[in-house]
Amino acid sequence: MNTSSASLPGGTWTLGDSSVTRFGYGAMQLAGPWVMGPPADHDGALAVLREAVGLGITHIDTSDAYGPRFTNELIREALHPYPEPLFIATKVGATRDAQGGWPTARRPEDLRKQVHENLGSLGVDTLDLVNLRMGDAQGPRPGSIAEAFETLVDLRQEGLIRHLGVSNVTAEQVAEARGIAPIVCVQNMYNLAHRHDDDLVDHLAADGIAYVPFFPLGGFTPLQSEALSRVANRLGTTPMSVALAWLLRRSPNILLIPGTSSLAHLRENVAGAGLSLSDEDVAELDGIGH
Ligand SMILES: NC(=O)c1ccc[n+]([C@@H]2O[C@H](COP(=O)([O-])OP(=O)(O)OC[C@H]3O[C@@H](n4cnc5c(N)ncnc54)[C@H](OP(=O)(O)O)[C@@H]3O)[C@@H](O)[C@H]2O)c1
């Protein structure tokens with residue numbers, strides 16, 4: 001499959017042994033409502049995935065829990081055999097119940113099963129990156145992650161995983177994981193309005209570890225702020241574009257995985273993230289999350 005040679009906003013970052021575009025794509029929005037069931041527009045979902053790769057994006061974030069299974073199966077249908085530069089990150093640590101909840105599943109046997117489910121639904125022999133998702137829907141929870149993380153280390157040693165990361169974690173849990181095995185990224189909630197991880201972002205940047213914010217646009221509750229709208233109006237663009245451009249500028253180790261089920265939004269986000277923000281714009285935007 002051909003990919004665009006045009007460079008994307010933010011350039012590239014080295015994740016483990018792979019160079020990926022800092023502008024990536026989060027696939028969660030492709031499933032049905034509340035990330036359950038198939039998409040209303042199957043062909044539209046395939047078109048979004050193919051356009052992402054066509055635009056030159058080489059980093060897709062997913063999980064077999066999305067749908068469940070449906071999102072990974074869409075990725076496989078749209079993109080398999082995967083073009084060489086494409087890097088697919090997935091996550092384990094939660095499953096789905098009939099009500100659409102996300103019950104945690106982190107015993108060794110649960111994690112092993114989820115890794116095999118991801119391998120099967122994505123159609124690969126080795127997963128590029130598996131994030132161990134901890135905490136719950138309210139955010140990270142304190143406590144040791146050693147047993148679960150060591151299970152993923154074992155699966156990596158068995159050749160089923162190339163790289164490891166952690167998600168929805170505290171700074172202490174990041175340190176605990178790094179004491180057990182190398183990680184290439186941390187995936188936590190972070191955006192213009194939620195900046196509790198500011199210190200962690202900087203700390204990881206100094207150590208060459210990626211920080212991948214989930215809900216970069218606010219997730220199920222899109223970012224809204226007077227200052228954000230003011231800056232967007234001044235620059236003649238959208239609040240979403242400003243939010244993405246701010247993240248790219250915030251730190252070189254930040255990788256974007258904005259989610260969308262819309263071709264128009266995907267194109268708008270790629271174009272918008274390349275926006276140049278002045279120091280004055282950034283100072284105004286920094287006021288939102290402080
Ligand atoms: N590790 C974790 O625990 C965790 C948790 C949540 C998410 N994630 C990952 O993070 C990725 C990103 O999170 P997310 O998708 O939930 O949230 P997000 O990227 O913050 O926001 C997605 C929402 O923004 C809308 N949107 C996107 N572009 C837009 C635009 N240009 N204009 C207006 N609305 C726009 C989308 O709607 P449309 O579809 O209509 O564009 C969707 O409702 C997910 O895809 C997933 O891979 C990880």
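Remember, predicted model here, so these are calculated numbers, not experimental data.

1. So, the overall build of the protein chain
Moving on, step 1. Tallying secondary structure elements over the protein chain gives 10 helices and 9 strands in all.
Moving on, step 2. C-alpha extents for the protein chain along the principal axes are approximately 55 × 40 × 40 Å.
Moving on, step 3. Counting every position in the protein chain, which comprises 290 residues, the buried fraction comes to 48%.
Moving on, step 4. Across the protein chain, contacts joining residues at least 24 apart in sequence account for 74% of those joining residues at least 6 apart.

2. Some remarks on helix H8 (residues 239–250)
An α-helical segment advances 3.6 residues per turn. Residues three or four places apart therefore align on the same side.
Moving on, step 1. For H8, with 12 residues, the first-to-last C-alpha span of 16 Å sits near the 16 Å given by 1.5 Å per residue.
Moving on, step 2. Among all positions of H8, only Pro239, Met240, Ser241, Val242, Ala243, Leu244, Ala245, Trp246, Leu247, Leu248 and Arg250 are buried.
Moving on, step 3. Against the buried residues of H8 lie helix H7 (226–235), helix H9 (263–272) and helix H10 (279–286).

3. Section: unusual backbone geometry
Moving on, step 1. With an omega dihedral of -20°, the bond running from Gly67 to Pro68 counts as a cis peptide bond.
Moving on, step 2. Here Pro68 is to be found in the loop between strand S4 (59–61) and helix H2 (70–79).
Moving on, step 3. With an omega of 0°, the peptide bond between His80 and Pro81 qualifies as cis.
Moving on, step 4. By secondary structure assignment, the location of Pro81 is in the loop between H2 and strand S5 (87–92).

4. Focus: the sheet that holds strand S9 (residues 210–211)
Moving on, step 1. In spatial order, the strands read S3-S4-S5-S6-S7-S8-S9; together these 7 strands make up an open sheet with parallel pairing. Both outer strands of the open sheet, strand S3 (25–26) and S9, are each paired with one neighbouring strand and no more.
Moving on, step 2. The sheet contact formed by strand S6 (residues 127–133) and strand S7 (residues 161–167) spans 6 bridges and is parallel. Following the sheet pairing, Asn131 is matched in S7 by Gly165.

5. Here we look at the UniProt feature "domain: NADP-dependent oxidoreductase" (unreviewed entry) in the protein chain
Moving on, step 1. The sites that UniProt annotates as "domain: NADP-dependent oxidoreductase" (unreviewed entry) are residues 24–288.
Moving on, step 2. Spanning residues 24–288, this segment combines 41% helix with 11% strand, and its end C-alpha atoms are found 25 Å apart.

6. Section: the site of the ligand
Moving on, step 1. Around the ligand sit 27 residues, and of these Gly26, Met28, Leu217, Gly259 and Thr260 come closest.
Moving on, step 2. In terms of residue count, the dominant contributor to the shell around the ligand is H9 (3 residues).
Moving on, step 3. Considered class by class, the residues forming the shell around the ligand number 10 nonpolar, 13 polar and 4 charged.

7. Remarks on the pairing of S5
Moving on, step 1. By the criterion of burial, S5 is predominantly enclosed, with 6 of the 6 residues buried.
Moving on, step 2. Both faces of S5 are covered, namely the face carrying Phe87, Ala89 and Lys91 and the face carrying Ile88, Thr90 and Val92.
Moving on, step 3. Sheet topology note: the S4/S5 ladder contains 3 bridges and is parallel. Paired with Asp61 across the strands is Ala89, a residue of S5.
Moving on, step 4. Regarding topology, H2 serves as the crossover connection from S4 to the parallel S5, and that connection is right-handed.
Moving on, step 5. Relative to S6, S5 runs parallel, the two being bridged by 4 bridges. Looking across to S6, one finds that Lys91 is bridged to Asn131.
Moving on, step 6. For the crossover that starts at S5, traverses helix H3 (residues 108–122) and ends in the parallel S6, the hand is right-handed.

8. Here's the deal with the nonpolar core
It is characteristic of soluble globular proteins that their nonpolar side chains tend to be buried jointly.
Moving on, step 1. Core analysis: the largest hydrophobic core is formed by 85 residues, its most contacted members being Leu49, Ile75, Cys185, Ala210 and Ala243.
Moving on, step 2. The dominant element in this core, judged by the number of residues it contributes, is H8, at 8 residues.
Moving on, step 3. When neighbours within four sequence positions are excluded, Ala210 is seen to be in contact with Trp13, Leu15, Val184, Cys185, Asn253 and Leu255.

9. Brief notes about the confidence of the model for the protein chain
Moving on, step 1. In this model, the protein chain carries a mean pLDDT of 96, and residues with pLDDT of at least 70 account for 98%.
Moving on, step 2. Here residues 1–5 is modelled with pLDDT under 50, and outside its nearest four sequence neighbours on either side it reaches 10 contacts, counting other chains as well.

10. Some remarks on H3
Moving on, step 1. Spanning 15 residues, H3 covers 21 Å between terminal C-alpha atoms, matching the ideal 21 Å at 1.5 Å per step.
Moving on, step 2. By the burial criterion, the buried members of H3 are Leu111, Gln114, Val115, Asn118, Ser121 and Leu122. Within H3, the buried residues cover an arc of 140° as seen down the axis, which keeps them to one side.
Moving on, step 3. Where H3 is buried, its residues touch H2, S5, S6, helix H4 (146–157) and S7.
Moving on, step 4. Taken from the residues just after H3, Gly123 is the one with a positive phi, measuring 75°.

The rules we used
Residues numbered from 1 in each chain as written. Predicted model: local features only at pLDDT ≥ 70, side-chain atom pairs only at ≥ 80, totals over all residues. Helix = DSSP H or I, 4+ residues; strand = E, 2+ residues; numbered from the N terminus. Buried ≥ 20, exposed ≤ 12 C-beta atoms within 10 Å, placed from the backbone. Contact = placed C-beta atoms within 7 Å. Expected span 1.5 Å × (residues − 1). Pairing = 2+ DSSP bridges. UniProt positions renumbered as here; feature names shortened; annotations may be inferred. Near = placed C-beta within 6 Å. Nonpolar A, V, L, I, M, F, W, Y, C, P; charged D, E, K, R; others polar. Right-handed = clockwise from strand over helix to strand, strands pointing away. Core = buried A, V, L, I, M, F, W, Y, C linked by C-beta atoms within 7 Å. pLDDT = per-residue confidence, 0-100. Arc of directions from axis to C-beta.

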